[in-house]
Amino acid sequence: MSSIQPQSPGTGGEEGAGQDRSVGELLSAVTSDVQTLFRQEVELAKTEIREEATKAGKAAGMYGGAGFAGYMVALFLSLAAVLGLANVMDAGWAALIITVVWAAIGAVLYATGRSRMREVSPKPEQTVESLKEDAQWARHPTK
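Every value quoted in this text rests on a predicted model; they were computed, and no experiment measured them. Here the residue numbers are simple positions, counted from 1 along each chain's written sequence. In keeping with the predicted nature of the model, local features appear solely for residues at pLDDT of at least 70, side-chain atom pairs appear and are counted solely at 80 or more, and the whole-chain, interface and lining totals rest on all residues. Processing note: side-chain calculations cover all non-hydrogen atoms of the structure and skip hydrogens and water entirely.

### Concerning the overall build of the chain
Then step 1. Of the regular secondary structure elements, the chain holds three helices and zero strands.
Then step 2. Per the convention used, a helix needs a DSSP run of H or I reaching at least four residues, while a strand needs a run of E reaching at least two, with both numbered from the N terminus. Counting from the amino terminus, helix and strand elements in the chain follow one another as α-α-α.
Then step 3. Buried means the residue's accessible area, taken with a 1.4 Å probe over protein chains only, is under 20% of the maximum for its type, while exposed means over 50%, and partly exposed covers the values in between. Within the chain, the proportion of its 143 residues that are buried is 3%.
Then step 4. Here, Shrake-Rupley sampling with a 1.4 Å probe gives the accessible areas, and only protein chains in the shown set may cover a residue. Summed over its atoms, the accessible surface of the chain is roughly 12700 Å², and 64% of this surface lies on carbon and sulfur atoms.

Given below as structure tokens:
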């Protein structure tokens, strides 16, 4: 069993060097710990993003299936409308009327989508600003 002997306060000039080395070692350890923590945080973020991307992919597949089902409903509803109108007018005119209705719907959707797309920002401005602030703080942490 070994025992650690406490050093007396007045042992000479080596104490200052020991404290400097101790502070240096502490700073080195803190830096190493911060780097490790940062790497772990990045790995955690990557894992979370992968999981969320998988969930989003599955949800997008469901939306795709719902879109196809909606398309089929619109197709058969249009066919039913053509056949219904064909009872009161020529079938060619009935098909043309339904085609014009769908063309108008498509034009409205296109114009709305185009105007909304113009409002989309190509970069995440809030995130970019936050990263700039973080970089500035890292350069001057006392400010």
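### Here we look at the pattern of salt bridges
Then step 1. Here, a salt bridge means any side-chain nitrogen of Lys or Arg that lies within 4 Å of a carboxyl oxygen of Asp or Glu. Throughout the structure, instances matching the rule amount to two salt bridges.
Then step 2. Here Glu-43 makes a salt bridge to Lys-46, at a shortest N to O gap of 3.8 Å. Residue Glu-43 and its partner Lys-46 are both found in helix H1 (residues 14-86); the two are separated by three residues, about one turn of the helix.
Then step 3. Looking at Glu-43, the relative accessible area reads 43%, which means it is partly exposed.
Then step 4. Notably, a salt bridge pairs Glu-52 with Lys-55, separated by 3.4 Å at the nearest N-O pair. Taken as a pair, Glu-52 and Lys-55 lie in helix H1 at a separation of three residues, close to a single helical turn.
Then step 5. Among the residues examined, Glu-52 registers a relative accessible area of 46% and is labelled partly exposed.

### Looking at the packing of aromatic side chains
Then step 1. Working definition: a ring pair exists when centres of Phe, Tyr or Trp rings (six-membered ring for Trp) sit within 6.5 Å. Plane angles under 30 degrees give stacked, over 60 give edge-to-face, the rest tilted. According to the stated counting rule, one finds one aromatic pair in the structure shown.
Then step 2. Ring centres of Phe-68 and Tyr-71 lie 6.4 Å apart, and the angle between their planes is 35°; on these two criteria the pair is classed as tilted. In this pair, Phe-68 and Tyr-71 are both assigned in helix H1, three residues apart and thus about one turn of the helix distant.
Then step 3. Classification of Phe-68 by relative accessible area gives exposed; the value is 54%.

### Points about the confidence of the model for the chain
Then step 1. The predictor attaches a confidence to each residue, and that confidence, scored 0 to 100, is pLDDT. Taken over all residues, the pLDDT of the chain has a mean of 81, while the share at 70 or more is 83%.
Then step 2. The element-level mean pLDDT for the chain is lowest in helix H3 (residues 125-139), coming to 73, with helix H2 (residues 91-118) highest at 93.
Then step 3. Here, residues are in contact when the closest pair of their heavy atoms is within 4.5 Å. In the predicted structure, residues 8-18 sits below a pLDDT of 50 and forms two contacts with residues beyond four places in sequence or in another chain.

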